[in-house]
Amino acid sequence: MNFQTIEYYFREVFLSMVRKRWMTFASIGTVTVSLFVLGVFLILVMNMTKLAASLESQVQISAYLIDGLTIEERKEIEQFTKNLPAVSKVEYVTKEQALKTLQARLGEQKKILDALGDSNPLPNYFLVTVKNSSDVKRTAAAISEVYGVEEVKYGQDVAANLFDLTHLLRLFGVMLVLILALATLFIISNTIRLTVFARRKEIAIMKYVGATDDFIRWPFVLEGILLGFIGGSVSAIILRSFYSAMTEKIYTTLAFFPLVEQFPFMNWLTLGLIVSGMLIGTLGSTVSLKKFLEV
């Protein structure tokens, strides 16, 4: 392929886009809207996954100790727990600290604890954080076997329901993105098919005068790539502004809400949308042109 041929291809792409400017605008608009919707749902899926992971990480094990343990016995339990491979953090909570925490949670109703007088029925306990939520049950069982541990709790029913919910969120998110990706490919392919259909007579004439399939195909493929590139770039710019405004709004009202950080996430998303637009434009133009090359 020499320089003159390449120059011809790009000149044809430019002239084609200028001649049918309204269809070009419609094609770019379709690519932009389709990829924008896909990007929005991808952002939602990523943040749903981040929220699910955050909820799972908050599941902790409370290991309640029997009364009368010596300092050495307590330290042995603490050391055993820290040595478990799934454990990331062990915090010792005295019964006095536990009482203060309970009073804080009760708020104005803490007066009901006055009936206890100077007695404190709450036990000392260890608050255990695990590295992976899937290790909670096995770790709790190991701790419960240690001498000095009276009871182990980690909200078994709540944790099980939480893990099921987060699994469904991830599965739903992946399925949603795949469906939208296929829908986007279908819409863009049909839009490019209209462009090819409008020039079907020109393609037929070129075939009759001896033009090869590659010579006819390349201007359309390049046009599809350019349309996909422009549409992907525009959708990425809009999405970056959208996500920036969304994160600022959420952090203003919900400062501790777990959101995916803008960088490098939005950089990867921008690259993904542009490349996806170009690939879809290439595939759409290739598939749409195949029928009209069979003359």
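Definitions and cut-offs
Residues numbered from 1 in each chain as written. Predicted model: local features only at pLDDT ≥ 70, side-chain atom pairs only at ≥ 80, totals over all residues. Heavy atoms only, no water. Axes fitted to C-alpha atoms, helices over the stretch in contact; angles between N-to-C directions. Helix = DSSP H or I, 4+ residues; strand = E, 2+ residues; numbered from the N terminus. Parallel < 35°, antiparallel > 145°, perpendicular 65-115°, else oblique. Left-handed = near helix turned anticlockwise from the far one by under 90°. Contact = heavy atoms within 4.5 Å. Nonpolar A, V, L, I, M, F, W, Y, C, P; charged D, E, K, R; others polar. Salt bridge = Lys/Arg side-chain N within 4 Å of Asp/Glu carboxyl O. Buried < 20%, exposed > 50% of the residue type's maximum accessible area, 1.4 Å probe, protein only. Pairing = 2+ DSSP bridges. Patch = residues over 30% accessible without salt bridge, like charges linked within 9 Å, V, L, I, M, F, W, Y side chains within 5 Å. Areas by Shrake-Rupley, 256 points an atom, 1.4 Å probe, with all protein chains shown as cover. pLDDT = per-residue confidence, 0-100. Phe/Tyr/Trp six-rings, centres within 6.5 Å; stacked < 30°, edge-to-face > 60°. Lys NZ or Arg CZ within 6 Å of the ring centre and 35° of its normal.

Chemist: Tell me what's going on with the packing of helix H1 (residues 3-19) against helix H8 (residues 213-253), and back it up with residues and numbers.
Modeler: Two numbers describe a pair of packed helices, the interaxial angle and the distance between the axes. Packing of H1 against H8 brings their axes to within 9 Å, and their N-to-C directions diverge by 60 degrees. Taken together, H1 and H8 sit at an angle that is classed as oblique. Handedness of the crossing formed by H1 with H8: right-handed. Across from Tyr8, Tyr9, Phe10, Glu12, Val13, Ser16 and Met17 in H1, the residues of H8 making contact are Asp214, Phe215, Trp218, Pro219, Leu222, Glu223, Leu226, Leu227 and Ile230. Of the residues contributing to the contact of H1 with H8, the split by class is twelve nonpolar, one polar and three charged.

Chemist: Help me get a handle on the pattern of salt bridges, residues and values and all.
Modeler: Where charged atoms of side chains with opposite charge meet at close range, the side chains can pair. Applying the stated criterion across every chain, the model contains seven salt bridges. Across the salt bridge formed by aspartate 213 and lysine 207, the nearest N and O atoms sit 2.7 Å from each other. Lysine 207 gets classed as partly exposed once you look at its relative accessible area, which sits at 22%. Measuring nitrogen to oxygen at the nearest pair gives 2.7 Å for the salt bridge that ties arginine 217 to aspartate 214. Taken together, the positions of arginine 217 and aspartate 214, both in helix H8 and three residues apart, correspond to about one turn of that helix. Within this structure, Arg74, Glu78 and Lys82 form a network of salt bridges that share partners.

Chemist: Describe in detail the sheet that holds strand E4 (residues 149-153), supporting the description with residues and values.
Modeler: The strand order across the open sheet formed by four strands is E2-E3-E1-E4, and the pairing between neighbours is antiparallel. The two strands at the open ends of the sheet, each matched to only one other strand, are strand E2 (87-93) and E4. Strand after strand, the sheet turns through a mean of 20 degrees between neighbouring axes, direction not considered. The pairing of E2 with strand E3 (residues 125-130) spans six bridges and is antiparallel. Bridging from a neighbouring strand, tyrosine 92 pairs with phenylalanine 126 of E3. On the sheet, helix H3 (residues 71-83) packs against strand E1 (60-65), E2, E3 and E4 and is oriented at approximately 160 degrees with respect to E2. Each of E1, E2, E3 and E4 touches helix H5 (residues 136-144); the most contacted strand, E4, lies at about 170 degrees to it.

Chemist: Could you give an account of the packing of helix H7 (residues 200-208) against H8, naming the residues involved and the relevant values?
Modeler: Across the interface, H7 lies against H8 with an axial gap of 10 Å and an inter-helix angle of 155 degrees. With respect to H8, the element H7 is oriented roughly antiparallel. Once H7 is placed against H8, the crossing between them reads as right-handed. Residues Ile203, Met206 and Lys207 of H7 form the contact with H8, whose own contacting residues are Asp213, Phe215, Ile216 and Phe220. Residues of the contact of H7 with H8, tallied by class, amount to five nonpolar, no polar and two charged.

Chemist: Lay out unusual backbone geometry in plain terms, naming residues and giving numbers.
Modeler: With an omega of 10 degrees, the peptide bond running from phenylalanine 263 to proline 264 counts as cis. Along the polypeptide, proline 264 turns up in helix H9 (residues 262-290).

Chemist: How would you explain a nonpolar patch on the surface if you had to name every residue and give the values?
Modeler: On the surface, Trp268, Leu271, Val275 and Leu279 cluster together to form a nonpolar patch covering roughly 440 Å² of accessible area. With respect to the secondary-structure elements, leucine 271 resides in helix H9.

Chemist: Break down the confidence of the model for the protein chain for me, with residues and values.
Modeler: Residues with a pLDDT of 70 or more make up 90% of the protein chain, whose mean pLDDT is 83. When pLDDT is averaged over each element of the protein chain, H3 comes out on top at 95 and helix H6 (residues 156-198) at the bottom at 72.

Chemist: Explain the packing of aromatic side chains residue by residue, including any values.
Modeler: How two aromatic rings sit relative to each other is given by the distance of their centres and the angle of their planes. For the coordinates displayed, the defined rule picks out seven aromatic pairs. Note on tyrosine 8 and phenylalanine 215: the rings are 5.0 Å apart at their centroids and 10 degrees apart in plane angle, and the pair reads as stacked. Of this pair, tyrosine 8 sits in helix H1 while phenylalanine 215 sits in helix H8, and the two are 207 residues apart along the sequence. A relative accessible area of 29% means that phenylalanine 215 is categorised as partly exposed. What links up through ring pairs into an aromatic cluster is the set Tyr8, Tyr9 and Phe215. Sitting over the face of the ring of tyrosine 92, arginine 74 holds its NZ or CZ atom 4.2 Å from the ring centroid.

Chemist: Let's hear about the environment of methionine 175: which residues, and what values?
Modeler: The residue methionine 175 is located in helix H6 in this model. A residue is classified by how much of its surface remains accessible, and methionine 175, at 46% relative accessible area, is partly exposed. Once the C-alpha coordinates of methionine 175 and valine 45 are considered, the two residues, 130 residues apart in sequence, prove to be 10.0 Å apart.

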